[in-house]
Amino acid sequence: MGKPVINKGLEGIYMTESRICKVDGKAGKLYYRGYPIEALARHSSFEETCYLILYGRLPTRKEFDRFDMLLKKERALPQGILDIIEETVGRADVMDILRTAVSALPAYDPDAYNKSKASEVRESVALISKLGSIVATIGRVSQGEPIVKPDLSLSHAGNFLYMLNGRRQGTEEARLLDTMLILHAEHSSNASTFSALVTGSTLSDLYAAVTSGIGTLKGPLHGGADSAALKMMNAIGRPENTERYINRALAGKQRIMGFGHRVYKTYDPRARIIKKDLESLQKHASKEVRRLTAIALRAEKMMVEKLGKTHNIWPNVDFFSGPVYTAIGIPEDLFTPLFAVSRVPGWCAHMIEYWEDNRLIRPLEYYTGKVDREYVPMGKRG
Ligand code: COA
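Here the structure is a predicted model, which is why all the values come from computation and not from measurement.

Colleague: Would you mind going over the site of the ligand with me for this structure?
Modeller: Around the ligand lies a shell of 17 residues, among which Arg255, Ile256, Gly258, Phe259 and Asn316 are the nearest. A distance of 2.7 Å separates a nitrogen atom of the ligand from a polar backbone atom of Ile256. Separating an oxygen atom of the ligand from a side-chain N or O atom of Arg262 is a distance of 3.0 Å. Protein coverage of the free-state accessible area of the ligand, which is 860 Å², stands at 66%. Split into classes, the residues belonging to the shell around the ligand amount to seven nonpolar, six polar and four charged.

So, in structure tokens, the structure goes:
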């Protein structure tokens, strides 16, 4: 048999059908359950978007209120999870702490291994709610501040900021964060969703699938790109250094974080929305945010001119996120954990959908090593 066609990185391979998300990489369009991302970012809330992603349709007022109440009921963290956070903050990467805390959640869920669909949806609600509390608490403990209990009168985004900063922040900051959560909530078979599906396809459980997703999200080619992009903006330092920095980086064959995408070969529609939000918050922004914005806009202009039309490398969702998160008051090491807070509805919905017609995910690899080698006892090896 000749060498098979190998699709490195499974590029271009369809592995299942899905009704959850359409990413049109050519047109630069994104739909959750058929709704354009622009409409959801403008009119929906993260909670409603979670309902949409999980159930496939927008809720009635009554359905929404019930869903919101269930989310709120799950906000508090068991003492064991708080202990894990307190024990590990400062000693491990924040994504590792998040992964460890999430993997411990079944210990506090008496129905964690129930495979009914109703239970999977209930676990999804618990995971969506608790991830916000876990990440906010990691941020809080990292600052050396006392843990804050959730405030059930606030939205998911508002409560996140409250648990992180210990004070109620302005509604504008909560709205900006809410939009960021919506924009990151789902994205088809991206690397972390795929890895969640690989885990779940063995008929493991939802907590294990989400734990895998978090481990995969950590890398700089996926969820880590937003903080890498902010690091670059800080390394650039002053807006007038932007062009020189980027030219040097490109000449040295470095990747510019926050640009390029496996599927989008045009401007990422989420980046457009975030850019708009970033521009509109300038009036009341701090000097620091204005500096970052100036660098980001110069870098974007230059990259689009240099690599956009010629190489199909355009800004992705991660490029403008850093300055927006900075404006909201979120520290850089929480960017990737916050991505997990947003993406958990997507992971859960895909897992539940895949289980409806499960097949173990087990691709092949083409072996290029030797065969039939002679086993030589250790004492006789040279
Ligand atoms: N900056 C500079 N060049 C880039 C680039 C970037 N951000 N992204 C891709 N390229 C170049 C590659 O160097 C390569 O050039 P070559 O053909 O001369 O070797 C070409 O574009 C194709 O890159 P490739 O890695 O094959 O594309 P991909 O589909 O695997 O890449 C990413 C997708 C996301 C991994 C890639 O664009 C990247 O590393 N981006 C930066 C990280 C990032 O922002 N990730 C978040 C994604 S939402």
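Colleague: Would you mind going over helix 15 (residues 321-328) with me for this structure?
Modeller: Side chains three or four residues apart in an α-helix point the same way, a direct result of the helix having 3.6 residues per turn. A large share of helix 15 lies buried, amounting to six of its eight residues. Turning to helix 15, its buried residues number three or more, namely Ser321, Gly322, Pro323, Val324, Tyr325 and Ile328. For helix 15, the secondary structure elements touched by its buried residues are helix 7 (156-165), helix 8 (171-183), helix 11 (225-236), helix 13 (269-280), helix 14 (287-311) and helix 16 (335-355). Trailing helix 15 by a residue or two, Gly329 shows a phi angle of about 95°, which is positive.

Colleague: What is the right way to read the packing of helix 4 (residues 79-88) against helix 5 (residues 94-104) from this model?
Modeller: Packed helix pairs are specified by the crossing angle of their axes together with the interaxial distance, meaning the distance between the axes. As a packed pair, helix 4 and helix 5 sit with axes 10 Å apart at the nearest point and diverge in direction by 155°. Our classification of the angle between helix 4 and helix 5 gives roughly antiparallel. Seen along the crossing, helix 4 lies across helix 5 with a hand that is right-handed. Packed against helix 4, whose contacting residues are Ile81, Ile84, Ile85 and Thr88, the element helix 5 presents Ile97, Thr100, Ala101 and Ala104 at the interface. Grouping the amino acids of the contact of helix 4 with helix 5 by side-chain chemistry returns six nonpolar, two polar and no charged.

Colleague: Could you clarify how one ought to interpret the pairing of strand 1 (residues 21-24) in this entry?
Modeller: Consecutive side chains along a regular strand alternate between the two faces of the sheet. Where burial is concerned, the two faces of strand 1 differ: the one with Cys21 and Val23 is buried and the one with Lys22 and Asp24 is not. With four bridges joining them, strand 1 and strand 2 (residues 29-32) adopt antiparallel strand pairing. Pairing of Cys21 across the sheet is with Tyr32, part of strand 2. What sits between the antiparallel neighbours strand 1 and strand 2 is a turn of four residues, in which Gly28 has the positive phi angle 70°.

Colleague: Sorry, what's going on with the pattern of salt bridges here?
Modeller: Pairs can form between side chains of opposite charge once their charged atoms are near each other. One pass over the full model with this rule turns up 21 salt bridges. Note that Arg61 and Asp65 form a salt bridge whose closest N and O atoms lie 3.1 Å from each other. Pair noted here: Arg61 and Asp65 are both in helix 3 (residues 61-73), with a separation of four residues, about one helical turn. Exposure remark for Asp65: the relative accessible area of 39% places this residue in the partly exposed category. The partner of Lys72 in a salt bridge is Asp68, with the nearest N and O atoms 3.1 Å apart. In this pair, Lys72 and Asp68 both sit in helix 3, four residues apart, roughly one turn of the helix. In this structure, Lys72 and Asp68 share a single accessibility class: buried.

Cut-offs and rules
- Residues numbered from 1 in each chain as written.
- Predicted model: local features only at pLDDT ≥ 70, side-chain atom pairs only at ≥ 80, totals over all residues.
- Heavy atoms only, no water.
- Near = heavy atom within 4 Å.
- Polar contact = N/O pair within 3.5 Å; in protein donor to acceptor, adjacent residues only side chain to side chain.
- Areas by Shrake-Rupley, 256 points an atom, 1.4 Å probe, with all protein chains shown as cover.
- Nonpolar A, V, L, I, M, F, W, Y, C, P; charged D, E, K, R; others polar.
- Buried < 20%, exposed > 50% of the residue type's maximum accessible area, 1.4 Å probe, protein only.
- Helix = DSSP H or I, 4+ residues; strand = E, 2+ residues; numbered from the N terminus.
- Contact = heavy atoms within 4.5 Å.
- Axes fitted to C-alpha atoms, helices over the stretch in contact; angles between N-to-C directions.
- Parallel < 35°, antiparallel > 145°, perpendicular 65-115°, else oblique.
- Left-handed = near helix turned anticlockwise from the far one by under 90°.
- Pairing = 2+ DSSP bridges.
- Salt bridge = Lys/Arg side-chain N within 4 Å of Asp/Glu carboxyl O.

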